[in-house]
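Summary of the model geometry
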Amino acid sequence: MGPDGDKQDMDNSDNETNRISSATMQEDIESESEGMISRQPSEASCYATDQEEEDLAHIQLGPKISIKEHLEKDKDDESLRRWKEQLLGSVDEKAVQENQEPDVKILNLTILSPGRPDLVLPIPEVGNPKGLWFTLKEGSRYRLRFSVKVSNDIVCGLKYTNTVWKTGIKVDSSKQMLGTFSPQVEPYIHEMTEETTPSGIFARGAYSARSKFVDDDNKCYLEINYTFDIQKDWPSK
C-alpha cells in the first residue's frame, strides 16, 4: 500500500476508536444513572400505603393532653406562649372544652364551575339527601369546596374519600388529605383540585356516590350517600 492507503487505515482506526470510546462513556453514564436515587418524588410517595396505615394504627401513643390543658400550661412563660400560638394557630378558647374529643361538622358542599353560579348544597342534619342531589354538564370543569367547623380539640389528618358507581359498577374512587385543624369559631373553607366530568353518550346518566370524612384515628365525622347525574347540558333552573 501507498501512503494514501496507510492514512486511510489510520483514519478508519481512529474513527473506530472514537466510536468505542463514545459507547463506553454512554454505558458508564447509564450505569451511574441506574445507581443514582431519583430526587423527584413520585405521586405514590406522597401518600401512605395501606400497609403503612395499618402499621401506624398499631403504634401505642402516650396519654392524650387536651388542648385546653396545653393552653393553661406555662401561661407566664412568654416564649412558650408564642410557640403555642405558632403551633396551634388561631385557637378560640370558647370553642375548646375540657377533655372532649374533636367535633367536626361539614356545613355544606359547594360546586364551583367557570361561568356558572356557585351551587351550594346543604348537608342534611340527619340521613342522606333525598332524590337527585345535583346535575353536572358533561365535559365541564368543576371544583368542590367544603365548609368545615371544628370544635373542642384539634382534629388530625382529616381526609375526604369519595366512591362513585354507575349501574352498580364502581367507576371512580378517590382520597384526598384535607389537613389538620384546630378549633375556632369561624368555619374553615377548603377547595379541592379542579376536575373535569366525563363526556359522551356512555358517560351521561345517573350515578350513586358515597363521601366520607375521617381522621387519622379512622373516626368518621360524616358519611353521606347521594345520587347525581351527568347530562348533555346544565339544568335550565
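Each value, and the rule that gives it
Throughout, residues of each chain are indexed from 1 in the direction in which the sequence is written. Residues qualify for local features only when their pLDDT is at least 70, as the model is predicted, and side-chain atom pairs are given and counted only at 80 or more; totals for whole chains, interfaces and linings, by contrast, use all residues. Side-chain metrics rest on all non-hydrogen atoms present in the structure, leaving aside hydrogens and water. By definition, any uninterrupted DSSP run of H or I lasting at least four residues is a helix, any uninterrupted run of E lasting at least two residues is a strand, and each is numbered from the N terminus. Only protein chains enter the area calculation, which uses a 1.4 Å probe; residues under 20% of their type maximum are buried, those over 50% are exposed, and those in between are partly exposed. Exposure was quantified through the Shrake-Rupley algorithm and a 1.4 Å probe, taking into account, for residues, occlusion by the shown protein chains and nothing else. Lys and Arg are tallied as positive, Asp and Glu as negative. Neither His nor the chain termini are counted. Just to be clear on terms, a salt bridge is a Lys or Arg side-chain nitrogen sitting within 4 Å of an Asp or Glu carboxyl oxygen. Two N or O atoms form a polar contact when they lie within 3.5 Å of each other; inside protein one atom must be a possible hydrogen donor and the other a possible acceptor, and for residues adjacent in sequence the pair counts only when both atoms belong to side chains. A pocket, in this scheme, is an open set of points on a 1 Å grid over the protein atoms alone with protein on both sides within 12 Å along at least 5 of 7 lines, while a cavity is a set where a 1.4 Å probe fits but cannot get out; residues line either one if an atom lies within 4 Å of a point. Grid points are joined across faces, edges and corners, and a volume is the space filled by probe spheres set on the points. Under the scheme applied, nonpolar residues are Ala, Val, Leu, Ile, Met, Phe, Trp, Tyr, Cys and Pro; charged residues are Asp, Glu, Lys and Arg; polar residues are all the others, including Gly.

1. Examining the overall build of the protein
- If you tally the helices and strands in the protein, you get four helices and ten strands.
- Mapped in sequence order, the helices and strands of the protein form the string α-α-α-α-β-β-β-β-β-β-β-β-β-β.
- Across the 237 residues in the protein, those meeting the buried criterion constitute 29%.
- Counting every atom, the protein has about 16,600 Å² of accessible surface; 51% of that belongs to carbon and sulfur.

2. What to know about the side chain of D215
- Looking at the element boundaries, D215 is found in the loop between β9 (205–214) and β10 (220–231).
- Notably, D215 is buried but unbridged: the nearest opposite-charge side chain belongs to K219, and the N-O separation is 6.1 Å.
- A distance of 2.9 Å separates a polar atom in the side chain of D215 from the backbone nitrogen of K219.
- A polar contact of 2.8 Å, which involves the side chain of D215, links it to the side chain of Y221.

3. Considering the layout of surface pockets
- Approximately 590 Å³ is the volume attributed to the second largest pocket.
- As for the second largest pocket, its lining consists of 28 residues, of which Y142, N162, V164, D172 and E195 are closest to the centre.
- Residue assignment for the lining of the second largest pocket shows that the elements contributing at least two residues are β1 (103–112), β3 (132–137), β4 (141–151), β5 (155–166), β6 (169–181), β8 (195–196), β9 and β10.
- By residue number, the principal contributor to the lining of the second largest pocket is β6, which donates six residues.
- Each residue belonging to the lining of the second largest pocket can be placed in one class, and the counts come to 17 nonpolar, seven polar and four charged.

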